[in-house]
Amino acid sequence: FDMAVNGGGVLTVNYTKDGYLSAQRQINVPWQDYAWLPQLVLIPLDAVVTMIDLTAGDPIQVARGSVIDDQSGPRQATLLFSQGTQAEMVLPDGSTQPLNTLSVRATEFTVGPNGPQTMPAELPPNTGYTYAVEFSVDEVIAAGAVEVQFDRPVIQYVEDFWGAPVGGIVPMGYYDQTRAAWVPSD
């Protein structure tokens, strides 16, 4: 497709399709000229859905995505919700709505030869392409909300399929589509 836009700045293009994870690409648009955005691949949401009942009395509830086994090795993204965790979704107008049940999916971007093209955005300079997963909640997507907020940490776990040294630091972050930027985490 072609788009006519005013030049002289950075343009962020949003790619969306129902049932797929969205992606963004940025390009510096020149004056009175044209530019090509890099190719990308939208990927479907993981077919595995785990129901989490935040009102349940279980000490820990576990949400796991599909088992991935490619040239990098076998792995399965996992979230651990501790008893008493509370959640709310943030709607586009800034208002919030509590969530008691969550339909959780874990969709990995970094699978197979198209992995770099499936990322939610191009990686920032000095960042290595390693492992990326999107944790999503169907109720949040259906409501058009922008994020989920928890009152305590939700633990993420994945098997050490790349052989990182024990006790080593693993950088973490997420892509914020509202800000069109990668955000580092502690």
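Residues numbered from 1 in each chain as written. Predicted model: local features only at pLDDT ≥ 70, side-chain atom pairs only at ≥ 80, totals over all residues. Heavy atoms only, no water.

Colleague: Would you mind going over the packing of aromatic side chains with me for this structure?
Modeller: Think of a pair of aromatic rings as described by two things: how far the centres are apart, and how the planes are tilted against each other in angle. Here the structure, examined in full by the defined rule, presents 4 aromatic pairs. A ring pair is formed by tyrosine 34 and tryptophan 36, whose centres lie 6.4 Å apart and whose planes are at 85 degrees; its orientation type is edge-to-face. Exposure class is identical for tyrosine 34 and tryptophan 36. Each is exposed. (Phe/Tyr/Trp six-rings, centres within 6.5 Å; stacked < 30°, edge-to-face > 60°. Buried < 20%, exposed > 50% of the residue type's maximum accessible area, 1.4 Å probe, protein only.)

Colleague: Got a minute to help me understand the pairing of strand 9 (residues 96–99) in this structure?
Modeller: Side chains on a regular strand alternate between the two faces of the sheet. In this sheet, strand 9 lies alongside strand 8 (residues 87–90) in antiparallel orientation, the contact comprising 4 bridges. Along strand 9, the bridge assignment pairs valine 90 with threonine 96. Linking strand 8 back to strand 9 in an antiparallel pair, the connection comprises 5 residues, with glycine 94 at a positive phi of about 95 degrees. (Pairing = 2+ DSSP bridges. Helix = DSSP H or I, 4+ residues; strand = E, 2+ residues; numbered from the N terminus.)

Colleague: Please explain the nonpolar core as it appears in this structure.
Modeller: One broad trend across soluble globular proteins is that nonpolar side chains are buried collectively. Core analysis: the largest hydrophobic core is formed by 14 residues, its most contacted members being Ile52, Phe81, Leu102 and Val104. Listing elements by their share of this core, those giving two or more residues are strand 7 (78–82), strand 8 and strand 10 (101–108). When neighbours within four sequence positions are excluded, leucine 102 is seen to be in contact with Thr50, Met51, Ile52, Leu54, Phe81, Val137, Glu139 and Phe150. Within the second largest apolar cluster, 6 residues are counted, among which are Tyr131, Val133, Val158 and Phe161. (Core = buried A, V, L, I, M, F, W, Y, C linked by side-chain atoms within 4.5 Å. Contact = heavy atoms within 4.5 Å.)

Colleague: Just to check I follow, could you spell out the environment of aspartate 46 for this structure?
Modeller: Within the element layout of this structure, aspartate 46 appears in the loop between strand 2 (23–29) and strand 3 (50–53). Considered as a pair, aspartate 46 and glutamine 26 are 20 residues apart in the sequence and their alpha carbons are 26 Å apart. Excluding anything up to four places from it in sequence, aspartate 46 contacts Gly65, Ser66, Arg105, Ala106 and Thr107. Within the structure, aspartate 46 has its side chain in polar contact with the backbone nitrogen of valine 48 (distance 2.9 Å). Polar contacts involving the side chain of aspartate 46 include one to the side chain of serine 66, which spans 2.5 Å. (Polar contact = N/O pair within 3.5 Å; in protein donor to acceptor, adjacent residues only side chain to side chain.)

Colleague: What's the story with the pattern of salt bridges in this structure? I'm lost.
Modeller: Once their charged atoms are close, side chains differing in charge can pair, the charge on each being opposite to the other. Applying the stated criterion across every chain yields a total of 5 salt bridges. Taking the shortest distance from any N to any O, the salt bridge between arginine 75 and aspartate 70 comes out at 3.0 Å. Residue arginine 75 is classed as buried on the basis of its relative accessible area of 2%. Across the salt bridge formed by glutamate 108 and arginine 75, the nearest N and O atoms sit 2.9 Å from each other. Taken together, the positions of glutamate 108 in strand 10 and arginine 75 in strand 6 (residues 73–75) put the pair 33 residues apart, joining distant regions of the chain. Residue glutamate 108 is classed as buried on the basis of its relative accessible area of 12%. Put simply, Asp70, Arg75 and Glu108 are held in one network by salt bridges that share partners. (Salt bridge = Lys/Arg side-chain N within 4 Å of Asp/Glu carboxyl O.)

Colleague: Looking at this structure, I do not really get the sheet that holds strand 3. What am I missing?
Modeller: Adjacent strands of a sheet form backbone hydrogen bonds with each other and so pair up, either parallel or antiparallel. Across the sheet, 3 strands lie side by side as 3-10-11; this open sheet has antiparallel pairing. Across the chains shown, the open sheet's two edge strands, defined by having one partner strand only, are strand 3 and strand 11 (133–137). Sheet twist, expressed as the average angle between the axes of neighbouring strands with direction ignored, equals 30 degrees. Where strand 10 lies against strand 11, 5 bridges are found, and the strand directions are antiparallel. Residue pairing for strand 11: alanine 106 is matched across the bridge by phenylalanine 135. (Axes fitted to C-alpha atoms, helices over the stretch in contact; angles between N-to-C directions.)

Colleague: Which parts of the structure should I look at to understand the environment of alanine 35?
Modeller: Of note, alanine 35 is situated in the loop between strand 2 and strand 3. A C-alpha to C-alpha distance of 10.0 Å links alanine 35 and glycine 7, two positions 28 residues apart in sequence. Every residue in contact with alanine 35, bar those within four places of it in the chain, is listed here: Ile27, Asn28 and Pro30.

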